[in-house]
Amino acid sequence: LIANRGEIAVRLLRAARALKIPTAAIFSTPDDAAALHARFADVAVAVGPPAPRESYLDPGRIIAAAKKMGAGAIHPGYGFLSENAKFAAAVEAEEGLVWVGPPSGAIAAMGDKIASKALARAAGM
């Protein structure tokens, strides 16, 4: 499942299709349902009302959509929840789902300037 929309989602869907990986998309409005990313995916499902906070930014709705569609993995795309360590951790903890992205710990560490600088120094950078 690609947890995003627009050009980023289309690029990910094309890459998955080239690799013969079945794809799933999400949408929130009738306009999104007719958008290229939703039409290009093998399956697409609504995740909530038009407000992104209640759809594209709601980890619970996205995980529920993935389970409903029988998805084996969630790719966050770019923006929205891609840098949300709690979302990544929720997907990592969900039996039967794989998080396609940096581990939640890495997202959390890089989101904290002090911690990320300490990690960089420890790595000799």
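Residues numbered from 1 in each chain as written. Predicted model: local features only at pLDDT ≥ 70, side-chain atom pairs only at ≥ 80, totals over all residues. Heavy atoms only, no water.

**Student:** Account for helix H7 (residues 113–122), naming residues and giving values.
**Tutor:** In terms of residue burial, H7 counts as a barely covered element, since only one of its ten residues are buried. In this structure aspartate 112 caps H7, since a side-chain oxygen of it lies 3.0 Å from the backbone nitrogen of isoleucine 114. The positive-phi residue at the C-terminal boundary of H7 is glycine 124, with phi of around 80 degrees. (Buried < 20%, exposed > 50% of the residue type's maximum accessible area, 1.4 Å probe, protein only. Helix = DSSP H or I, 4+ residues; strand = E, 2+ residues; numbered from the N terminus. Polar contact = N/O pair within 3.5 Å; in protein donor to acceptor, adjacent residues only side chain to side chain.)

**Student:** Account for the layout of surface pockets, with residues named and values stated.
**Tutor:** In this structure, the largest pocket encloses a volume near 340 Å³. Lining the largest pocket are 19 residues, with Leu1, Ile2, Ala16, Ile21 and Pro22 positioned closest to its centre. If you tally residues by element for the lining of the largest pocket, the top one is helix H1 (residues 6–18), at three residues. When grouped by side-chain class, the residues that make up the lining of the largest pocket number 15 nonpolar, four polar and no charged. (1 Å grid on protein atoms, 1.4 Å probe; cavity = no way out; pocket = protein on both sides within 12 Å on 5 of 7 lines; lining within 4 Å. Points joined across faces, edges and corners; volume = space filled by probe spheres on them. Nonpolar A, V, L, I, M, F, W, Y, C, P; charged D, E, K, R; others polar.)

**Student:** Break down the packing of helix H4 (residues 59–69) against helix H5 (residues 85–93) for me, citing the residues and quoting the values.
**Tutor:** Where H4 meets H5, the closest approach of the two axes is 10 Å, and the angle between their N-to-C directions is 30 degrees. Taken together, the axis directions place H4 and H5 in an arrangement best described as roughly parallel. The crossing of H4 and H5 is right-handed. In contact with Pro59, Ile62 and Ile63 of H4, H5 contributes Phe87, Ala90 and Val91. By residue class, the composition of the contact of H4 with H5 is six nonpolar, no polar and no charged. (Axes fitted to C-alpha atoms, helices over the stretch in contact; angles between N-to-C directions. Parallel < 35°, antiparallel > 145°, perpendicular 65-115°, else oblique. Left-handed = near helix turned anticlockwise from the far one by under 90°. Contact = heavy atoms within 4.5 Å.)

**Student:** Could you give an account of the packing of aromatic side chains, with specific residues and numbers?
**Tutor:** Across all of its chains, the model carries two aromatic pairs by this definition. Plain terms: the ring middles of phenylalanine 87 and tryptophan 99 are 5.4 Å apart, the flat faces sit at 90 degrees to each other, and that makes the pair edge-to-face. In this pair, phenylalanine 87 is assigned in helix H5 and tryptophan 99 in strand E4 (residues 98–99), connecting sequence segments twelve residues apart. The positively charged end of arginine 14 is found above the aromatic ring belonging to phenylalanine 40, 5.6 Å away from the centroid. Over the aromatic face of phenylalanine 40 sits the side chain of arginine 17, whose NZ or CZ is 4.1 Å from the ring centroid. (Phe/Tyr/Trp six-rings, centres within 6.5 Å; stacked < 30°, edge-to-face > 60°. Lys NZ or Arg CZ within 6 Å of the ring centre and 35° of its normal.)

**Student:** Outline the pattern of salt bridges, listing residues and values.
**Tutor:** Applying the stated rule across the entire model yields four salt bridges. A salt bridge links aspartate 32 to arginine 5, with the nearest nitrogen and oxygen atoms 3.3 Å apart. Taken together, the residues span a long stretch of sequence, with aspartate 32 in helix H2 (residues 30–33) and arginine 5 in the segment before H1 at a distance of 27 residues. According to the relative accessible area criterion, aspartate 32 is buried, its value standing at 13%. Look at arginine 5 and you get partly exposed, because its relative accessible area is 29%. (Salt bridge = Lys/Arg side-chain N within 4 Å of Asp/Glu carboxyl O.)

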